[in-house]
Amino acid sequence: MQRPMQNARNRLFSFAQQASHNPWLDLLRTVAIGLVLLRHGSRYDGNGLSDGFVANLFRNGWVGVDLFFVLSGYLIAGGLIRRAGRSDGLFPAGYFQSRILRIVPAYYAVLMLCVIGFFPGGPDVSMQSALAHLLFLQDYTGSNINVAFWSLGVEEKFYIIAPVIVLLLARQTRMANLLAFAAMLLLISPLSRGLTFEAIGDGIGYDAFFASLRSPFHMSFEGFVVGIMVAILRARGFAVPPSAALAGLGASALVLVVWLGSHEFLGAITRVDAWLVPSLLAVLFGAMVLCAASLSERALRFEPFFRVNARLSYALYLVHLPLLPLAFALSAKQHFLVFWASYLILSYALALVIHFSVERPFLILKDTLNRPRGAIMPAERAGALLS
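What counts as what
- Residues numbered from 1 in each chain as written.
- Predicted model: local features only at pLDDT ≥ 70, side-chain atom pairs only at ≥ 80, totals over all residues.
- Heavy atoms only, no water.
- Helix = DSSP H or I, 4+ residues; strand = E, 2+ residues; numbered from the N terminus.
- Rg over C-alpha atoms; globule rule 2.2 N^0.38 Å.
- Buried < 20%, exposed > 50% of the residue type's maximum accessible area, 1.4 Å probe, protein only.
- Contact = heavy atoms within 4.5 Å.
- Core = buried A, V, L, I, M, F, W, Y, C linked by side-chain atoms within 4.5 Å.
- Expected span 1.5 Å × (residues − 1).
- Arc of directions from axis to C-beta.
- Phe/Tyr/Trp six-rings, centres within 6.5 Å; stacked < 30°, edge-to-face > 60°.
- Lys NZ or Arg CZ within 6 Å of the ring centre and 35° of its normal.
- Axes fitted to C-alpha atoms, helices over the stretch in contact; angles between N-to-C directions.
- Parallel < 35°, antiparallel > 145°, perpendicular 65-115°, else oblique.
- Left-handed = near helix turned anticlockwise from the far one by under 90°.
- Nonpolar A, V, L, I, M, F, W, Y, C, P; charged D, E, K, R; others polar.
- Bend = angle between axes of the 7 residues up to and from the residue.
- Polar contact = N/O pair within 3.5 Å; in protein donor to acceptor, adjacent residues only side chain to side chain.

**Student:** Help me understand the overall build of the protein, please; the structure alone is not making it clear to me.
**Tutor:** The number of helices and strands found in the protein is 18 helices and zero strands. The C-alpha atoms of the protein give 21 Å as radius of gyration, which agrees with the globular expectation for 387 residues (21 Å, within 12%). Within the protein, the proportion of its 387 residues that are buried is 52%. Sequence-distant contacts, at least 24 apart, represent 79% of the contacts inside the protein between residues at least 6 apart.

Encoded structure:
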């Protein structure tokens, strides 16, 4: 009796390494959540940053969400392609069940904390806004409870249409047709943003840009399409040689850092920001995901660090922003490093609580329900799937 209980505890309270898991994707998840944390922390007036390369790098950390979108497109498409062989339907068996168990419990838990006023300095929440967030409509109605929630509205809509998009693209046996359909899908977001920008005219500020040209699902679609294309290419056997993939990943990272540090994106909204920047970022992140996917057999230094951060990335994304007012209060009139320490410690502490008390139990349930009857889950898969 004691051994099964001990095994259950080990499954729940661990960051066990998983068999056939690609640690290089964990590295990209860590980069993505790190960029988002830097972005929102840089909004604090006493953060110690001034104008310059490092300040721009921090302020442009919003691009971490775009990296998450590409990763999501890649992982969801890869899972759908694998499931396709076990299901004849358009929507593979267990697909929506898995998506709900992966995303909804932790999201609803943090949403409830926001609604009941758990976070100091949080906004008053109207019934209308709470209902919109429950239905994942906040990317269109306004994410005014926790701004970071906007991307969850985008993700949920992608999950609904992903099987159709993946089926449409995966069935194109000719590469020319595949690229043509992908190009058509890729044009949806830049055309939507660009035409809306032209209709609004010059002088649009960041808040208006975010609400009208950034947050809505159809304005943020290209990252998912790029991720899907990477998954389809991988499924068809396309891979970058490990040495070239490692060099490509390093070169892409260097381009990203130099680009982000060169100026503050969206500081003054231009046609380039509206028409091109998110699409160019999606392509760059697609190249990084392709390289990382091609390195699955290569060992990664400091793998445990990236694994833990990747497993916590969703909980960190949910909780970090509403903790900023408390971090501000704890570090008032003190050295700016006290703010960053308070902000990161609070974020990781609450993320651990949410991960182990809410997220992990439902992930284990998801993994259990997806396991064929009679199959025994290997110890290496004791941690629930991230995709």
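**Student:** Just to check I follow, could you spell out the nonpolar core for this structure?
**Tutor:** What tends to happen in soluble globular proteins is that the nonpolar side chains get buried as a cluster. Within the largest apolar cluster, 108 residues are counted, with the highest numbers of intra-cluster contacts made by Phe 158, Leu 169 and Leu 318. The element contributing the most residues to this core is helix α4 (residues 63-84), with twelve residues. In contact with Leu 169, other than residues within four places in its own chain, are Leu 178, Phe 181, Ala 182, Leu 185, Ile 228, Met 229, Ile 232 and Arg 236.

**Student:** It is not clear to me how helix α9 (residues 175-186) should be interpreted in this structure. Could you clarify?
**Tutor:** Helical geometry: 3.6 residues make up each α-helical turn, so side chains three or four residues apart lie on a common side. Helix length check: α9 (twelve residues) gives 16 Å between terminal C-alpha atoms against 16 Å at 1.5 Å per residue, within 8%. Every buried residue belonging to α9 is among Leu 178, Ala 182 and Leu 185, and all of these are buried. In an axial view of α9, the angular spread of the buried residues amounts to 60 degrees, which keeps them on one side of the axis. Where α9 is buried, its residues meet α8 (150-170), α10 (188-200) and α12 (222-235).

**Student:** Honestly, the packing of aromatic side chains in this entry has me stumped. Any pointers?
**Tutor:** Both the distance between ring centres and the angle between the ring planes are used here to describe each pair of aromatic rings. Here the structure, examined in full by the defined rule, presents 24 aromatic pairs. On the basis of an interplanar angle of 65 degrees and a centroid distance of 5.5 Å, the ring pair of Phe 217 and Phe 221 is categorised as edge-to-face. Across this residue pair, the class does not change: Phe 217 and Phe 221 are buried. The structure contains a cluster of three or more aromatic residues connected by ring pairs, namely Phe 69, Trp 150, Phe 158, Tyr 159, Tyr 206, Phe 210 and Phe 224. Over the ring of Tyr 206 we find Arg 39; its NZ or CZ atom is 5.4 Å from the centre of that ring. When the ring centre of Tyr 159 is taken as reference, the NZ or CZ atom of Arg 99 above it lies at 5.1 Å.

**Student:** What should I look at first to understand the environment of Ala 310 in this one?
**Tutor:** In this fold, Ala 310 is placed in helix α16 (residues 303-319). Overall, Ala 310 belongs to the buried group, its relative accessible area being 1%. When the C-alpha atoms of Ala 310 and Leu 28 are compared, they prove to be 8.3 Å apart, with 282 residues separating the residues in sequence.

**Student:** Please explain unusual backbone geometry as it appears in this structure.
**Tutor:** For Phe 136, which is not glycine, the phi torsion reads 60 degrees and is therefore positive. Note that Phe 136 resides in the loop between α6 (127-134) and α7 (138-141). On the basis of relative accessibility, which here comes to 8%, the residue Phe 136 falls in the buried class. One non-glycine residue, Phe 302, lies in positive phi territory at about 60 degrees. Secondary-structure assignment places Phe 302 in the loop between α15 (277-293) and α16. For Phe 302, a relative accessible area of 57% translates into the label exposed.

**Student:** Sorry, what's going on with the packing of helix α5 (residues 95-115) against helix α18 (residues 336-370) here?
**Tutor:** Two measures define how a pair of helices packs: the angle their axes make with one another and the distance between the axes. Their axes nearest at 9 Å, the elements α5 and α18 cross at an angle of 165 degrees. Overall, the two elements α5 and α18 adopt an arrangement that is roughly antiparallel. As α5 runs across α18, the sense of the crossing is right-handed. Seen from α5, the contacting residues are Gln 97, Ser 98, Leu 101, Arg 102, Pro 105, Ala 106, Ala 109, Val 110 and Leu 113; seen from α18, they are Ile 354, Val 358, Glu 359, Phe 362, Leu 363, Leu 365, Lys 366, Leu 369 and Asn 370. Class assignment for the residues of the contact of α5 with α18 results in twelve nonpolar, three polar and three charged.

**Student:** Explanation requested: α5 in the structure shown.
**Tutor:** Here α5 contains 21 residues, and its C-alpha end-to-end distance of 29 Å stays within 8% of the 30 Å for a straight helix at 1.5 Å per residue. At Val 104, α5 shows its largest kink, close to 35 degrees, and the proline Pro 105 lies no more than four residues downstream. For α5, the buried fraction is high: 15 of the 21 residues fall into the buried class. Of the residues trailing α5, Gly 117 is marked for its positive phi of about 80 degrees.

**Student:** Help me understand the packing of α4 against α5 in this model?
**Tutor:** Relative orientation of the contacting elements α4 and α5 amounts to 150 degrees, with a least axis distance of 12 Å. By the angle between their directions, the pair α4 and α5 is classed as roughly antiparallel. Once α4 is placed against α5, the crossing between them reads as right-handed. Where α4 abuts α5, its residues Ile 76, Leu 80 and Arg 83 lie against Tyr 95, Ser 98 and Arg 99. Its residues assigned to classes, the contact of α4 with α5 shows three nonpolar, one polar and two charged.

**Student:** Looking at this model, I keep getting lost on the environment of Pro 190. Mind explaining?
**Tutor:** Following the sequence through the fold, Pro 190 ends up in helix α10. Among the residues examined, Pro 190 registers a relative accessible area of 10% and is labelled buried. Distance in space between the C-alpha atoms of Pro 190 and Ile 204 is 17 Å, their sequence separation being 14 residues. Every residue in contact with Pro 190, bar those within four places of it in the chain, is listed here: Glu 222, Ala 274, Trp 275 and Ser 279.

**Student:** Can you walk me through the side chain of Asn 60 in this structure?
**Tutor:** Topologically, Asn 60 is positioned in the loop between α3 (53-59) and α4. Here Asn 60 falls in the buried class, since its relative accessible area comes to 0%. Within the structure, the side chain of Asn 60 is placed 2.6 Å from the backbone oxygen of Leu 260, a separation counted as a polar contact. In this structure the side chain of Asn 60 is engaged in a polar contact, spanning 2.8 Å, whose partner is the backbone oxygen of His 263. Not counting residues up to four positions away in its chain, the partners in contact with Asn 60 are Leu 260, His 263, Glu 264 and Phe 265.

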